[in-house]
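Results of the structural survey
Chain residues, written in single-letter form:
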Amino acid sequence: MDSAARLPELDQIPQDKSQTKDVKRKAISSPYFHRLQRKHFLMFDVLPVLGVILAGIMAFYIPVSGVDIGLFIAFWALTGIGVSVGYHRYFTHRSFKARPAVAVTLTILGSMAGQGALLSWVAMHRRHHELSDQPGDPHSPNLQGPGFKGLIKGLVHSHFTWMKEHDYPNVAYYAPDLIRDPLIAKTARHYYTWVILGLVAPAILGGLLSQSLWGVVSGFLWGGAVRMFVVGHIIWSINSLLHRFGTRPYQSRDHSRNGGLFGLFTFGESWHNNHHAFPESPSFGLQWAAFDPGYWFIRGLSLVGLTWDLRVPTVQRRTSRKKRNVQTQQ
Ligand SMILES: [Zn+2]
Ligand SMILES: [Zn+2]
């Protein structure tokens, strides 16, 4: 999937008519945006690495507690669902419908992951699907030259360094539906508040549950920094590894691959070839036996009426896509 649409402070919405006229400009490159991108990269992509190192060192002196592990798992699941189900499947691809309370909750949980503000993330990911593995794709691993050197450069770029500085997709062009949704636009605008909430909440819970000051620190480290690091790398691995390695059962215009075994840890995102072939589907696994926790979550909400209109492709459609693939390869 994607990714981490870096996004700076705020989603950039055209403020005047001259900018609105420029709506056809699909991406903008400017020192102003690059400054914001570097700042975001440093805060939410580089600093969590220090948190991981610190947590590792501290673990030698004070054993990691059940509370720490519980907070890590809880915030990993909440923010992962926020990105996969909210940012990706609901807002970017509109693959199901949901009650406003669900949409707002997913906006907040996705923001807490620290991977960029909603409108920018959506714009970035729609651009990824539009130009996948072609010039203009913000994070393709396949455009950095031939051979082994090109492979390594491509993987590093698509996994991590692209976020440091990149063209900013025009949200007026790529995400007009979200701009027109006042409730979501307003919620998404408080991006930094939600990211900080994702760091402060596990710290407070850690202190309360362990009844100690150390619990505050270790809750922040495990439920905040380490969790942010792990969720980030899970999502970035889809951008990097799964546009290079894995199986390719369906025809698609790009180099997307499936790494189904990792479905449980990636919330189902690792069915990436399936997703590029059927981006409108809320299910990435496409089959009931596939590990796709994101889809299980959407399905669960549908049973109590909170989501509906789940547009999973029919067996016939999937089969015909596979057949065409076989014919193409022959
Ligand atoms: Zn997608
Ligand atoms: Zn992709």
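Residues numbered from 1 in each chain as written. Chains lettered and ligands numbered in written order. Predicted model: local features only at pLDDT ≥ 70, side-chain atom pairs only at ≥ 80, totals over all residues. Heavy atoms only, no water.

A word on the overall build of the chain. When helices and strands are counted, the chain shows 14 helices and four strands. A compact globule built from 330 residues should have a C-alpha radius of gyration of about 20 Å, and the chain, at 20 Å, falls within 12% of that. When its C-alpha atoms are laid out on the principal axes, the chain stretches across 65 × 50 × 50 Å. Counting over 330 residues, the chain shows a buried share of 52%. Pairs at least 24 apart in sequence give 76% of the contacts found in the chain among residues at least 6 apart. Side-chain charges in the chain split into 34 positive and 19 negative, and the spacing between the mean points of these groups amounts to 4 Å. (Helix = DSSP H or I, 4+ residues; strand = E, 2+ residues; numbered from the N terminus. Rg over C-alpha atoms; globule rule 2.2 N^0.38 Å. Buried < 20%, exposed > 50% of the residue type's maximum accessible area, 1.4 Å probe, protein only. Contact = heavy atoms within 4.5 Å. Lys, Arg positive; Asp, Glu negative; His and termini not counted. Charge placed at Lys NZ, Arg CZ, Asp CG, Glu CD.)

Backbone geometry places D133, a non-glycine residue, at a positive phi of 60 degrees. Along the chain, D133 turns up in the loop between helix 5 (118-131) and helix 6 (147-159). Although it is not a glycine, F267 sits at a positive phi angle of roughly 65 degrees. Exposure remark for F267: the relative accessible area of 3% places this residue in the buried category.

The next thing to look at is the confidence of the model for the chain. Averaged over all residues, the pLDDT of the chain equals 88, while 90% of them reach at least 70. Throughout residues 2-23 the model reports pLDDT below 50, and contacts reaching past four residues in sequence, or to other chains, amount to 75 contacts. Note that pLDDT drops below 50 for residues 326-330; the model gives that stretch one contact with residues more than four away or on any other chain. (pLDDT = per-residue confidence, 0-100.)

With that settled, consider the coordination of the zinc ion (ligand 1). In the first shell of the zinc ion (ligand 1), the protein supplies H88 (NE2), H93 (NE2), H125 (NE2), H129 (NE2) and H275 (NE2), at 2.0 to 2.2 Å from the metal. Residue classification places H88 among the buried positions, given a relative accessible area of 0%. Residue classification places H125 among the buried positions, given a relative accessible area of 0%. (Donors = N, O, S within 2.8 Å, 3.2 Å for Na, K, Ca; no water.)

Let us look at the environment of L54. Mapped onto the elements of the fold, L54 is located in helix 2 (residues 31-61). Sequence separation of L54 and T307 is 253 residues, and the distance between their C-alpha atoms is 41 Å.

On to the nonpolar core. F91, L118, L178 and I184 are the most contacted members of the largest nonpolar core, which totals 51 residues. Leave out the neighbours within four places in its chain, and L178 touches F91, R94, L118, L119, V122, I184 and A185. (Core = buried A, V, L, I, M, F, W, Y, C linked by side-chain atoms within 4.5 Å.)

Here we come to the coordination of the zinc ion (ligand 2). Every protein donor of the zinc ion (ligand 2) is listed here as H128 (NE2), H243 (NE2), H272 (NE2) and H276 (NE2), and their distances to the metal cover 2.1 Å. Relative to the metal, the four donor atoms surrounding the zinc ion (ligand 2) lie at angles of 94 to 153 degrees, and the coordination shape comes out irregular. Taken in chain order, the donor set of the zinc ion (ligand 2) reads H-x114-H-x28-H-x3-H. You can see H243 sitting in the loop between helix 11 (213-240) and helix 12 (272-277) and its partner H276 sitting in helix 12, a full 33 residues away along the chain. Judged by its relative accessible area of 1%, H243 falls in the buried class. (Tetrahedral: all angles 85-135°; square planar, octahedral: opposite > 155°, others 65-115°.)

On to the packing of aromatic side chains. Inspection of the entire model under this criterion finds twelve aromatic pairs. Cluster of aromatic residues (ring-pair linked, three or more members): Y32, F33 and Y168. Above the ring of F284, the side-chain terminus of R89 is found at 3.8 Å from the ring centroid. (Phe/Tyr/Trp six-rings, centres within 6.5 Å; stacked < 30°, edge-to-face > 60°. Lys NZ or Arg CZ within 6 Å of the ring centre and 35° of its normal.)

As a further point, take helix 10 (residues 191-210). Taking 1.5 Å per residue as the helical rise, helix 10 with its 20 residues ought to reach 28 Å, and the 29 Å between its terminal C-alpha atoms agrees with that figure. Along helix 10, the sharpest kink reaches roughly 25 degrees, centred on G198 and followed within four residues by the proline P202. Along helix 10, the residues that are buried comprise Y191, W194, V195, G198, L199, A201, P202, A203, G206 and G207. One or two steps after helix 10, the chain reaches Q211, where phi turns positive at roughly 55 degrees. (Expected span 1.5 Å × (residues − 1). Bend = angle between axes of the 7 residues up to and from the residue.)

Before going further, it helps to spend a moment on the side chain of H243. At 3.3 Å, the side chain of H243 and the side chain of H128 are in polar contact. A distance of 3.1 Å separates the side chain of H243 from the side chain of H272, its partner in a polar contact. Every residue in contact with H243, bar those within four places of it in the chain, is listed here: H128, S132, D133, P141, N142, I238, D254, H255, S256, H272 and H276. (Polar contact = N/O pair within 3.5 Å; in protein donor to acceptor, adjacent residues only side chain to side chain.)

We now examine the side chain of S111. Tracing the backbone shows S111 in helix 4 (residues 100-112). Relative accessible area serves as the criterion here: at 0%, S111 is assigned to the buried category. Here S111 is in contact with Y87, Y191, W194 and V195, once residues within four sequence places are set aside.

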